[in-house]
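# Architecture at a glance
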Amino acid sequence: MALLFFSKVDSPVEWAEALRKTMPELEVRVWPEVGERGDIEVALVWYHPPGELLRYPNLQLIASLGAGVDHLMRDTELPPGVPITRIVDENLTLAMSEYVVLAVLSHHRQARLYAAQQRAAEWREHLAPLASERRVGIMGLGVLGADVAQKLVALGFDVAGWSRTAKDLAGVRGFAGSGGLGPFLARTEILVCMLPLTPATDGIVNATLLAGLPAGAAVINCARGRHVVDQDLLAALNSGHIGGATLDVFRTEPLPAEHPYWRHPSVTVTPHIAALTNAQSGANLVVDNIRRLRAGQPLLYRVDPEVGY
Ligand code: NDP
Ligand code: OXD
């Protein structure tokens, strides 16, 4: 059995080593050195060229190199019927929660304001509400959003979540569907976008959504750059309606040097590092699914192409 690895950002050497450690008999081929196409039964991919996966007649599994699968779903020529899986990994989940907790605390405790005061050697106190008085809203209560929500609840924040279908998470006020979005936004002072990118969520953080947040609210996006309409967020930041933003993902990555986010006084930029996939734990999951496939068992973390995540 041969596996085809395609990614321009992940290390093929590291992944091949991790895969071989877990399944020595697996032959790993790195695109574009694909060899005999008929040998390829598994594709492990991140932003492959659309249409490419149709060229492997014996493909049985498409595994995403990330938790998100929008890079696969944008391909309108995926081989029909071939199952798609994604990464769900405890360490990735922990890393994402760390990132979001750091960003929420930094907005909550006005870290940016105090950093500016330090630069000006200015000693000045600002009143801060208790965590229990701070309303955080998480869009997307899946694997990552639910863990983030629970950690923020443990810190004492007043947490709500918005999802496609209703959820019942301890301590988290749930809102669902298009009808739930308005009331969810109206009570959200720190908004966290933890949604998958799908046609329904593309550009969701736009002028209308931002206007639904209370004045001074903060926005944290660690899902996908396309969730945010950049000119709408910049306009809301410049008007002061949005008090600050922490952004880990962008429409163009790397974020171009001239992009206004880099130098905006109310924006924190990180280079898509909120939660990185670890090659060894990712490889373990892929191999587990290859074994399940061979044994005719249900695959782990299968994507539903109908809903797009
Ligand atoms: P999941 O698939 O587990 O969860 C997705 C959540 O979003 C679910 O609660 C789902 O609702 C909700 N949702 C989907 N569509 C809609 C909609 N139209 N309206 C309302 N809610 C919706 O995803 P994960 O938590 O694992 O990951 C989320 C995203 O995080 C990934 O898709 C990826 O883009 C991003 N990511 C970013 C990383 C980074 O380093 N910046 C690292 C890893 C992931 P329901 O529960 O009803 O299905
Ligand atoms: C992912 C990511 O989807 O790194 O895993 O963004």
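Refer to the structure above for everything that follows.
The structure contained in this document is the topic of the report that follows. Being a predicted model, the structure only gives us computed values, none of them experimental. (Residues numbered from 1 in each chain as written. Chains lettered and ligands numbered in written order. Predicted model: local features only at pLDDT ≥ 70, side-chain atom pairs only at ≥ 80, totals over all residues. Heavy atoms only, no water.)

Close contacts around ligand 1 come from 30 residues, with R86, L144, T165, K167 and Y309 the closest. Within the backbone of L141, one N or O atom sits 2.9 Å away from an oxygen atom of ligand 1. G142 has a polar backbone atom sitting 3.1 Å from an oxygen atom of ligand 1. In isolation ligand 1 has 940 Å² of accessible area, and contact with the protein removes 92% of it. Here the element with the most residues in the shell around ligand 1 is helix α5 (residues 143-154); it accounts for three residues. Grouping the constituent residues of the shell around ligand 1 by class yields 17 nonpolar, eight polar and five charged. (Near = heavy atom within 4 Å. Polar contact = N/O pair within 3.5 Å; in protein donor to acceptor, adjacent residues only side chain to side chain. Areas by Shrake-Rupley, 256 points an atom, 1.4 Å probe, with all protein chains shown as cover. Helix = DSSP H or I, 4+ residues; strand = E, 2+ residues; numbered from the N terminus. Nonpolar A, V, L, I, M, F, W, Y, C, P; charged D, E, K, R; others polar.)

Bringing the site of ligand 2 into the picture now. Around ligand 2, the surrounding shell consists of W46, G66, A67, G68, R224, H272 and A275. At a separation of 2.7 Å, an oxygen atom of ligand 2 approaches a polar backbone atom of A67. Between an oxygen atom of ligand 2 and a side-chain N or O atom of H272, the distance comes to 2.6 Å. Across the shell around ligand 2, the residue classes break down as three nonpolar, three polar and one charged.

On to the sheet that holds strand β7 (residues 158-163). Strand order in the open sheet formed by seven strands is β8-β7-β6-β9-β10-β11-β12, and the pairing between neighbours is parallel. Strand pairing shows two members of the sheet lacking a second neighbour, β8 (172-176) and β12 (267-269), which therefore form its edges. Across the sheet, the mean angle from the axis of one strand to that of its neighbour is 15°, orientation sign disregarded. The pairing of strand β6 (residues 135-139) with β7 spans five bridges and is parallel. Among the inter-strand pairings, G137 is bridged to a residue of β7, identified as A160. Strand contacts of helix α3 (residues 90-108): β6, β9 (190-193), β10 (217-221) and β11 (242-247), with the helix running at about 155° to β11, the strand carrying the most contacts. (Pairing = 2+ DSSP bridges. Axes fitted to C-alpha atoms, helices over the stretch in contact; angles between N-to-C directions. Contact = heavy atoms within 4.5 Å.)

With respect to the secondary-structure elements, E52 resides in the loop between β3 (40-45) and β4 (61-64). Ignoring any residue separated from it by four or fewer positions in sequence, one finds E52 in contact with W31 and R37.

What follows is about the sheet that holds strand β5 (residues 84-85). Sheets are built from strands paired through backbone hydrogen bonds, the pairs being either parallel or antiparallel. Spatially, five strands are ordered β2-β1-β3-β4-β5 in an open sheet, and the strand pairing comes out parallel. Strands at the two margins of the open sheet, each flanked by one partner only, are β2 (27-30) and β5. In this sheet, β2 lies alongside strand β1 (residues 2-6) in parallel orientation, the contact comprising four bridges. Counted as the bridge partner of L3 is V28 from β2. Helix α1 (residues 12-22) rests against β1, β2 and β3 of the sheet, and its axis sits at about 170° to β2. Across the sheet, helix α10 (residues 279-295) lies against β1, β3, β4 and β5, angled at about 160° from β4, the strand it touches most.

Scanning all chains against the criterion turns up 11 salt bridges. In this structure, R55 and E52 form a salt bridge, with 3.0 Å as the shortest nitrogen-oxygen distance. Look at E52 and you get buried, because its relative accessible area is 8%. The residue D202 makes a salt bridge to R226 at a minimum N-O spacing of 2.9 Å. Within this pair, whereas D202 is found in the loop between β9 and α7 (207-211), its partner R226 is found in the loop between β10 and α8 (230-239), the two being separated by 24 residues in sequence. Looking at D202, the relative accessible area reads 32%, which means it is partly exposed. Counted as one network, the salt bridges with shared partners bring together E27, R29 and D39. (Salt bridge = Lys/Arg side-chain N within 4 Å of Asp/Glu carboxyl O. Buried < 20%, exposed > 50% of the residue type's maximum accessible area, 1.4 Å probe, protein only.)

On to the environment of N206. Residue position: N206 is located in the loop between β9 and α7. According to the relative accessible area criterion, N206 is partly exposed, its value standing at 24%. C-alpha separation for the pair N206 and D232, spaced 26 residues apart in sequence, amounts to 5.7 Å.

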